[in-house]
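Architecture at a glance
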Amino acid sequence: MYARGTAWATLAGRIFAPVAKAVAPGAAAPQGPPDWSGEERLNVLLLGIDKRDGEAGSPENTDTLIVLSLDPLNRTAAMLSIPRDTLVTIPGHGPSKINAAYAYGGPELAERSVEQVLGIRLNSYALVDFNAFVQIVDSVGGVLVDVKRPIRDEAYPTADFGIRRLNLTAGPQLMHGEVALEYARSRHDSNDFSRSRRQQQVIAAIRARLAQDGMLARVPMLMGEVGTLVETNFDPGNMLPLAGLGGGIDSGAIRSEGLLP
C-alpha cells in the first residue's frame, strides 16, 4: 500500500514531463478538465469497473486505473498503472484505497484523486466495464498478444459470482474479447503488478490493431459500434484526431510503467 504521493509525483514528472497546467502535490485541483488543442500533451485516466449484469447495490470500486499520456509533437506515449490498493487521501473522504474514489464520487473524484497523487492535470477520463471491454476487442477483430508464460488460475471469477479454472498457453495468439478479458483480469499470481503489465499489453495490442493498414478508415464505424459503451468527458470532436495520433505512434515510442512498493 502507498501512504504518500510525493514519490509518485516525482515519478510522474519523469514520465509525463513536460505537463501543461501541472498541479503541485497536495494543491487543490482547478475545476473542470483542461481543453485539449491537439498539440499539447494529453493525459487520460482509463478506469475499468467490475460491473455485472443483474448486480445491484452501491457504485463499484474501480478494478483498473491507468493514466495514458500522449505527446503529439514528439509522437511518444506512456502508460502508468496505479495499483487499486494504493492508499491515498481522497478529497472530502480522507485516507482510503484509491479504487474507492469512484464509489465515493464517480469518475470526477477518481480524476481528482489521481491528480493529487501524481501532481499532473488530467484532460479527461474513459470508463469501461467488462462487457464493454469485450465488445471493444471484438470490434477490432481481436488482438494479437504474446503471452510470456502459461497462466493457470484456479479461482478465476465468473459472471455469476462463482469461480472456475482458467488455462492460457504461452506464445503469440489472437485473442477475442472474452479471452483478452481473462488474460487482463486474472490474478493467478496473487498480485496486481503483473496483472497491470498484462492490462497494458492488451491496450497496446488494441492500439497496434488500429494502426494496421485500413483500420484507421474504419474508426468512425467502430466508434458507432462501441462509442456508447464508453463513458467519457472527452470532446467528441477530438476523437478522430486522437485515433489518428494513437495509430501514428511507433510501438517503440510507448513507455509502460507501474507504481511499485
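Going by the structure above, here's the rest.
Residues numbered from 1 in each chain as written. Predicted model: local features only at pLDDT ≥ 70, side-chain atom pairs only at ≥ 80, totals over all residues. Heavy atoms only, no water.

Observations regarding the packing of helix α4 (residues 177-185) against helix α5 (residues 192-210)
Which entries qualify depends on this criterion: Geometry is summarised by axes, namely lines fitted to C-alpha atoms with helices restricted to the contacting stretch, and by angles between N-to-C directions that run from 0 to 180 degrees. Helix numbering and strand numbering both begin at the N terminus, where a helix is a DSSP run of H or I of at least 4 residues and a strand a DSSP run of E of at least 2. Any two residues whose heavy atoms approach within 4.5 Å are treated as being in contact. Amino acids outside the nonpolar list (Ala, Val, Leu, Ile, Met, Phe, Trp, Tyr, Cys, Pro) and the charged list (Asp, Glu, Lys, Arg) are all regarded as polar, and Gly is one of them.
The geometry of α4 relative to α5 is characterised by a closest axis approach of 7 Å and an angle of 150° between their N-to-C directions. Mapping the contact onto sequence places A180, Y183, A184 and R185 in α4 and R195, R198, Q199, Q201 and V202 in α5. Considered class by class, the residues forming the contact of α4 with α5 number four nonpolar, two polar and three charged.

Some words on the packing of aromatic side chains
Which entries qualify depends on this criterion: Each aromatic pair joins two rings of Phe, Tyr and Trp (for Trp, the six-membered one) with centres within 6.5 Å, and gets the label stacked for planes under 30 degrees apart, edge-to-face for over 60, and tilted for any other angle. Think of it as a cone above the ring: NZ of Lys or CZ of Arg counts as a charge over the ring if it is within 6 Å of the ring centre and within 35 degrees of the ring normal.
Scanning all chains against the criterion turns up zero aromatic pairs. Against the face of Y156 rests R185, its NZ or CZ located 5.7 Å from the ring centre. Against the face of Y183 rests R198, its NZ or CZ located 5.8 Å from the ring centre.

A few points about empty space enclosed by the protein
Note the threshold: Only protein atoms enter the 1 Å grid used here. Points where a 1.4 Å probe fits but cannot escape make up a cavity, open sets with protein on both sides within 12 Å along at least five of seven lines make up a pocket, and a residue lines them when an atom lies within 4 Å of a point. Grid points are joined across faces, edges and corners, and a volume is the space filled by probe spheres set on the points.
The full count for this structure, using the stated rule, is one cavity of 30 Å³ or more. Computed from the structure, the largest cavity encloses a volume of approximately 60 Å³. If you trace the largest cavity, you find it lined by D63, T64, L65, S81, I82, P83, R84, D192, R195, S196 and Q199. Only β2 (62-71) and α5 provide two or more residues apiece to the lining of the largest cavity. For the lining of the largest cavity, the leading source of residues is α5, giving four residues. Looking at side-chain class alone, the lining of the largest cavity contains three nonpolar, four polar and four charged residues.

Quick look at the sheet that holds strand β6 (residues 124-129)
What counts, and what does not: For two strands to be treated as a pair, DSSP must find no fewer than two bridges joining them.
Sheet architecture is open: six strands sit in the order β11-β6-β1-β2-β3-β12, paired in mixed fashion. Strands with a single pairing partner mark the edges of an open sheet, and in this sheet they are β11 (231-232) and β12 (254-258). As judged from the six bridges shared by strand β1 (residues 42-49) and β6, these two strands associate in the parallel manner. By the bridge assignment, L46 is partnered in β6 with A126. Of the strands in this sheet, β1, β2 and β6 are in contact with helix α3 (residues 130-139), which crosses β6 at around 95°.

Describing the pairing of strand β4 (residues 87-90)
The two faces of the sheet receive side chains in turn, since in a regular strand these alternate between them. The condition is simple: Using a 1.4 Å probe on the protein chains alone, a residue whose accessible area is under 20% of its type maximum counts as buried, one over 50% counts as exposed, and one in between counts as partly exposed.
Alternating residues of β4 divide into V88 and I90, all buried, and L87 and T89, none buried. Note that β4 and strand β5 (residues 94-97) share four bridges and pair antiparallel. The residue of β5 that forms the bridge with V88 is S96. Remark: three residues form the turn of the hairpin made by β4 and β5, two consecutive strands paired antiparallel; G92 in that turn has positive phi of roughly 85°.

Considering the nonpolar core
The condition is simple: We define the nonpolar core as a collection of buried residues of types Ala, Val, Leu, Ile, Met, Phe, Trp, Tyr and Cys that are connected through side-chain atoms lying within 4.5 Å of one another.
Membership of the largest hydrophobic core comes to 27 residues, with the highest contact counts inside it found for V143, V145, M175, A180, Y183 and V202. At the level of secondary structure, the elements contributing two or more residues to this core comprise α3, β7 (143-147), β8 (151-157), β9 (163-168), α4, α5 and α6 (219-226). Membership of the second largest hydrophobic core comes to 23 residues, among which are I49, L65, I82 and A100.

Some words on the pattern of salt bridges
Convention followed: The term salt bridge refers to a pairing of a side-chain nitrogen on Lys or Arg with a carboxyl oxygen on Asp or Glu at a separation within 4 Å.
All told, the structure shown has eleven salt bridges when counted by the stated rule. A salt bridge links D85 to K97; its shortest N-O distance comes to 3.5 Å. Linking D85 in the loop between β3 (76-81) and β4 with K97 in strand β5, this pair joins segments that are twelve residues apart in sequence. A relative accessible area of 31% places D85 in the partly exposed class. With a shortest N-O distance of 2.8 Å, E257 and R255 are connected by a salt bridge. Looking at E257, the relative accessible area reads 26%, which means it is partly exposed.

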